[in-house]
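# Remarks on the overall topology
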Amino acid sequence: MTTLATPQLAVQGFSSLYEIWILLGILFLAGLGFGVANVIISHILGPSRKGNVKDSVYESGVNPVGTTRDRFNVRFYLVAMIFLVFDVEVLFLIPWISSFNDSRHPWLHAAHGPLFLSVVIFTVILLVAYIYAWGKGVFKWD
Amino acid sequence: MVGVFIAHLIFALVMLGMVTGIIAYLILLERKTAAWIQDRIGPNRVGPQGLLQPLADGVKFILKEEFMPIHADKILFILAPIVIIAPALCGFAVIPWGGDLAAGTALPKFLGGWAFPHTFHVMVANPQIGVLFVIAMASLSVYGVVLAGWASGSKYSFLGGLRATAQMISYEIPMVLSLLSVAVVAGTLRLGPITDLQATYFSSVSFLPAWNVFTQPVAFLLFVTCIFAESNRTPFDLAECEQELVGGYHTEYSSMKFALFFLAEYSAMITGSAVAVALFLGGWHLPWIDQLLYHGAQPVATGWLGMLLKFVVFWGKVIAFLFFYMWVRWTLPRFRFDQLMNLAWRGMIPLSLATFVMASVFVYLRQEGIIEHRGWLLLGNVVLIGIMFAVTELRPADSGNRRMYVLNSRYNPIPASAKAELESAV
């Protein structure tokens, strides 16, 4: 682990690769603490007056009708499924990027032809799926 | 090496304070901009020119009553605003705010005079996957929206949450692809080096800065559109459109819980603008004037003065971009939901894929040694725009998107030909 990481870490002056993630973790905890503290403070300081009418959900001033946990349009499901396909595809592209245009490793630079070809094939396959989904009317909202 | 860690930690906390402070004043800026555009005065009662308004807003939010509907899922209802604010407040961690501090730069005497043993990147952290981190933090906010919409138990919230989710996940794909087409040309996923590469000019005789907005304008347009949609801002604010859904996913929220959603939205705006500035608008690069100051390219690693200059330039660009956000909000009307989804799935996703493939082709040809100059990338973008317009012309017309003429309307009157047809039908 030290062999690969050392040259870059020396530039940053960190003693361990994990220090970056500890920093980001501290920042995340600070954000979380900000949220929790605000919720608690306003819970303590704010007034609280309850009542039957007040506790019902807001539906433009009339009594709530029916239930909220009901069936909804199937198109949202289709969008979620197609999104998964594209999101995973994008995740594949991220490691590809860091190896495609990498001048530090000569063996990666030598392989840039096959690497380029692979992403072209990858995109074409994705495009076929995209055109199929379009033809099936997945993207049709009216 | 503890000193380096502590320096980063202090910088992180300073930036956290700075970002939250700027968020508070952004809300004032938003109201002032709205007032300016609508020819009103705007908030001017609290403090001079209304400058203390954010403080008054904050105190009022804290002192207001909390409200929770009786049918709400209690745990998720309380969790949602916390879930949305935490990632929103750490998205800015990987932004290169001010280039580098050169090794050996010392703190002032009264602070101990400690010198940085290595080059100090003026950012909270510089992970190898900076772009991925930005994307991850931006897309985590969708959880807060889903939880808020579902847990409230209100129909408005539910519909708003549903719409927001579909919108945010749809616009995430072109956003990522446009970021990646910049990253593939730079050959790294760190934001720092991507910014550093832009601090130059197209060529030695050209006055055009080599910013990515000039080399890859299509990717920039896609990215700007997507960050508007990701932060649920007009013209993409269908998740909370007042006329249809009252407040969307935060209809049932009040007091500080509501404020957290608000803060998260503005925090996402700041992060989005900062990423746009770092990746497309040259980051801390001060064009033309740097030629006078340094008699050449602006160096990446400088002392305190150079770093402060970069920091101020970066924030200046970010504030200008935030003003652009507000300008758009009070200028453009809202989309319809089918238009929104059509734009994402039938327009922006194929276009962003084409941009990415074109950037890869450029990198491949550059590695082959066939082309060298970054002007070829600009040429490719122009060709891409031409192809896009040609394809749009060929595309069959959308049946669901037709013009509705209104009887006796000044703005959209029935044309004479259609009027004759109508009258003959009657």
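Residues numbered from 1 in each chain as written. Chains lettered and ligands numbered in written order. Predicted model: local features only at pLDDT ≥ 70, side-chain atom pairs only at ≥ 80, totals over all residues. Heavy atoms only, no water.

### Here we look at the nonpolar core
For clarity, the cut-off: Remark: nonpolar core denotes a set of buried residues (Ala, Val, Leu, Ile, Met, Phe, Trp, Tyr, Cys) joined through side-chain atoms within 4.5 Å. The buried label applies to any residue whose accessible area, calculated with a 1.4 Å probe on protein chains only, is under 20% of its type's maximum; exposed applies above 50%, and partly exposed to all values in between. Put simply, DSSP H or I for four residues or longer makes a helix, DSSP E for two residues or longer makes a strand, and each gets a number counted from the N terminus. In what follows, a contact means two residues having at least one pair of non-hydrogen atoms within 4.5 Å.
By size, the foremost hydrophobic cluster in this structure holds 144 residues, and its most contacted members are Trp-97 and Trp-345 of chain B. If one sorts the elements of this core by residue count, helix H5 (residues 155–186) of chain B sits on top with 17 residues. Excluding residues that lie within four positions of it along the chain, Trp-345 of chain B makes contacts with Val-79, Ile-82, Phe-83, Phe-86, Tyr-130 and Phe-139 of chain A together with Ser-170, Ile-173 and Pro-350 of chain B.

### Side note on helix H4 (residues 130–151) of chain B
Every α-helix carries 3.6 residues per turn, so stepping three or four residues along brings you back to the same face. Cut-off, in case you're wondering: Take the residue count of a helix, subtract one, and multiply by 1.5 Å to get its expected span.
Over its 22 residues, H4 of chain B extends 33 Å from the first C-alpha to the last, a length consistent with the 32 Å expected when each residue adds 1.5 Å. Positive phi appears at Gly-153 of chain B, one or two residues downstream of H4 of chain B, with a value of about 75 degrees.

### Let's talk about the sheet that holds strand E2 (residues 120–121) of chain B
Residues and elements named next belong to chain B. Stated precisely, the cut-off is as follows: Strands pair, by our definition, only if DSSP identifies at least two bridges between them.
With respect to topology, three strands assemble into an open sheet ordered E2-E1-E3, the strand pairing being mixed. Each end of this open sheet is capped by a strand with a single partner; those strands are E2 and strand E3 (301–302). Pairing of strand E1 (residues 100–101) with E2 involves two bridges; the strand directions are antiparallel. Bridge pairing in E2 links Asp-100 to His-121.

### Quick look at a nonpolar patch on the surface
For clarity, the cut-off: Here the term patch refers to residues with relative accessible area over 30% and no salt bridge, with like charges joined within 9 Å and nonpolar side chains (Val, Leu, Ile, Met, Phe, Trp, Tyr) within 5 Å. Reported accessibility uses the Shrake-Rupley method at a 1.4 Å probe radius. Residues are deemed covered only where the shown protein chains occlude them. Salt bridge criterion: a side-chain nitrogen from Lys or Arg within 4 Å of a carboxyl oxygen from Asp or Glu.
Where nonpolar side chains cluster on the molecular surface, the patch consists of Val-36, Ile-40, Ile-41, Ile-44 and Leu-45 of chain A together with Val-59 and Leu-63 of chain B and spans about 620 Å² of accessible area. The set of elements that each furnish at least two residues to the nonpolar patch consists of helix H2 (18–45) of chain A together with helix H2 (53–63) of chain B. With respect to the secondary-structure elements, Ile-40 of chain A resides in helix H2. A relative accessible area of 45% means that Ile-40 of chain A is categorised as partly exposed.

### Thoughts on the interface of chain B and chain A
Our working rule: Once two parts are put together, the accessible area they lose, assessed with a 1.4 Å probe and summed over both, is termed the buried area. Here the nonpolar group is Ala, Val, Leu, Ile, Met, Phe, Trp, Tyr, Cys and Pro; Asp, Glu, Lys and Arg are the charged ones; every other residue, Gly included, is treated as polar.
Each partner contributes residues to the interface: chain B has 91 residues there, and chain A has 75 residues. The contact between chain B and chain A buries some 7,400 Å² in all, and 73% of this surface belongs to carbon and sulfur atoms. Joining chain B to chain A, the criterion identifies one salt bridge. For Glu-65 of chain B, the salt bridge is made with Arg-49 of chain A, and the minimal N-O distance between the two is 3.9 Å. For the side of chain B that touches chain A, the secondary structure elements donating two or more residues are helix H1 (2–37), H2, helix H3 (74–88), H4, H5, helix H10 (255–279) and helix H13 (337–368) of chain B. The element that contributes the greatest number of residues to the side of chain B that touches chain A is H13 of chain B, accounting for 18 residues. Grouping the constituent residues of the side of chain B that touches chain A by class yields 58 nonpolar, 18 polar and 15 charged.

### Examining the packing of H10 of chain B against helix H12 (residues 304–329) of chain B
Residue and element names in this part refer to chain B. What counts is decided by this rule: Simply put, an axis is a line fit to the C-alpha atoms, just over the touching stretch for a helix, and the angle between two N-to-C directions goes from 0 to 180 degrees. Just so you know how the angles are binned, under 35 degrees is roughly parallel, over 145 roughly antiparallel, 65 to 115 roughly perpendicular, and the rest oblique. For any pair of crossing helices, the crossing counts as left-handed if the nearer helix is rotated counterclockwise from the farther one by less than a right angle, and right-handed if it is rotated clockwise.
H12 packs onto H10 with a crossing angle of 120 degrees between their chain directions and a minimal axis gap of 9 Å. Relative to H12, H10 is oriented oblique. The way H10 lies across H12 gives a crossing that is right-handed. Where H10 approaches H12, its residues Tyr-266, Met-269, Ile-270, Ser-273, Ala-274, Ala-276, Val-277 and Ala-278 are matched on the opposing element by Phe-314, Trp-315, Lys-317, Val-318, Phe-321, Leu-322, Tyr-325, Met-326 and Arg-329. Across the contact of H10 with H12, the residue classes break down as 14 nonpolar, one polar and two charged.

### Topic: unusual backbone geometry
Residues and elements named next belong to chain B. The backbone of Gln-49 shows a phi angle near 55 degrees, a positive value even though the residue is not glycine. Summarising the element assignment, Gln-49 is placed in the loop between H1 and H2. The phi dihedral of Asn-232 falls on the positive side, at around 55 degrees, and the residue is not glycine. Within the secondary structure, Asn-232 sits in the loop between helix H8 (217–230) and helix H9 (242–245). The exposure class assigned to Asn-232 is buried, which follows from its relative accessible area of 4%.

### Considerations on the domain arrangement of chain A
So the rule is basically this: The start and end points of each domain follow an automatic or database-based domain assignment.
Each domain of chain A was delimited in the assignment, giving domain 1 (10–48) and domain 2 (72–142). Placing a centre on the C-alpha atoms of domain 1 of chain A and another on those of domain 2 of chain A gives a separation of 34 Å.

### A short note on the packing of aromatic side chains
Applied cut-off: Side-chain rings of Phe, Tyr and Trp, where Trp is taken by its six-membered ring, are said to pair if the distance between their centres is within 6.5 Å; with planes under 30 degrees apart they count as stacked, over 60 as edge-to-face, and otherwise as tilted. Any Lys NZ or Arg CZ that is within 6 Å of a ring centre and within 35 degrees of that ring's normal is treated as a charge sitting over the ring.
Summed over the entire model, instances satisfying the criterion amount to 35 aromatic pairs over all chains. Seen from their ring centres, Phe-86 of chain A and Tyr-130 of chain A are 6.0 Å apart, and the 85 degrees between their planes marks the pair as edge-to-face. Of this pair, Phe-86 of chain A sits in helix H3 (residues 75–100) while Tyr-130 of chain A sits in helix H5 (residues 112–135), and the two are 44 residues apart along the sequence. Centroid distance Tyr-249 of chain B to Phe-261 of chain B: 5.7 Å. Interplanar angle 65 degrees. Geometry classified as edge-to-face. With Tyr-249 of chain B in the loop between H9 and H10 and Phe-261 of chain B in helix H10, this pair connects stretches of sequence that are twelve residues apart. Owing to a relative accessible area of 2%, Phe-261 of chain B belongs among the buried residues under this scheme. Joined through ring pairs, the aromatic side chains of Phe-72 and Phe-76 of chain A together with Trp-150, Phe-158 and Phe-337 of chain B make up one cluster. Here the guanidinium or amino end of Lys-310 of chain B rests over the ring plane of Trp-284 of chain B, the centre of that ring lying 4.6 Å away.

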